[in-house]
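So the chains spell out like this:
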Amino acid sequence: MQPLGGGWDELLAPLFADERYTKIRNFLKQEYATKTIYPDMYDLYNCFRLTPLNQVKCVILGQDPYHEPGQAHGLCFSVKPGIPLPPSLQNIFKEINTDLNITQPNCGDLTKWAEQGVLLLNTTLSVRAHQANSHANCGWSWFTDAVIKLISDHTTNTVFLLWGSNARSKAPLIDPKRHLILQCAHPSPLSSYRGFFGCRHFSQTNHYLTQHQKATIDWDLNN
């Protein structure tokens, strides 16, 4: 694997050296060799490459990558340019519009957020084509739980956005005295009306960052 840069290699080295990660890697070698897996293997760790550790201001936790062609590229909820917006992402943009009066963009590539310090981390980093959660039990949860705990321990005043039961189950890994934890329903059409709409997590994030002398996040993808 190529170096991640941004301070991640040193922080994650013990995880990559762990025998549990070796099992994940061996599983992935077989999966990529015999099945269609998303994202591309070279995009698996894009969230780390795009957001250096010392620039992390906000962590958004997704569940697992999109499982249809051309969508996933290593950032939770994000799709590549030119790909139609998935329903959950449409709902995220609707909430941003309500919260901050930002017009919904045509492109669902969230790289701009990542480059501003928003770590877009899925709790499972890979998936078989057309099979949601198909890699949920291969060991990724151990790895990403450890990552969340390391971020909690090695950063200060970070905002964690936990949407849905899977993400909210990670709250015990985060130190509430060092960080802001915001929780609500998942933005999927099945649950968005049970508390995601109206959560105003985007303005709350920027308010908290301002309180702690950090630059706010420009959530607008239209420019």
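Here's a quick rundown of the structure.

Let's talk about the packing of aromatic side chains
One pass over the full model with this rule turns up 19 aromatic pairs. Their ring planes at 50° and their centres at 6.5 Å tell us that Trp113 and Phe202 sit as a pair that is tilted. Residue Trp113 is located in helix α5 (residues 111-114), and its partner Phe202 is located in helix α8 (residues 201-211); the two are separated by 89 residues in the primary sequence. For the pair Trp113 and Phe202, a shared accessibility class is recorded, and that class is buried.

Structural notes on empty space enclosed by the protein
According to the stated counting rule, one finds two cavities of 30 Å³ or more in the structure shown. Taken as a whole, the largest cavity holds about 90 Å³ of empty space. The element that contributes the greatest number of residues to the lining of the largest cavity is strand β3 (residues 118-122), accounting for three residues. The class makeup of the residues in the lining of the largest cavity is twelve nonpolar, four polar and no charged. Considering only enclosed or pocket space, the second largest cavity measures out at about 40 Å³ in volume.

A few points about the side chain of Thr205
Residue position: Thr205 is located in helix α8. Setting aside chain neighbours within four positions, we find Thr205 in contact with Cys58, Val159, Leu161, Leu182, Ile217 and Trp219.

Rules of the game
Residues numbered from 1 in each chain as written. Predicted model: local features only at pLDDT ≥ 70, side-chain atom pairs only at ≥ 80, totals over all residues. Heavy atoms only, no water. Phe/Tyr/Trp six-rings, centres within 6.5 Å; stacked < 30°, edge-to-face > 60°. Helix = DSSP H or I, 4+ residues; strand = E, 2+ residues; numbered from the N terminus. Buried < 20%, exposed > 50% of the residue type's maximum accessible area, 1.4 Å probe, protein only. 1 Å grid on protein atoms, 1.4 Å probe; cavity = no way out; pocket = protein on both sides within 12 Å on 5 of 7 lines; lining within 4 Å. Points joined across faces, edges and corners; volume = space filled by probe spheres on them. Nonpolar A, V, L, I, M, F, W, Y, C, P; charged D, E, K, R; others polar. Contact = heavy atoms within 4.5 Å.

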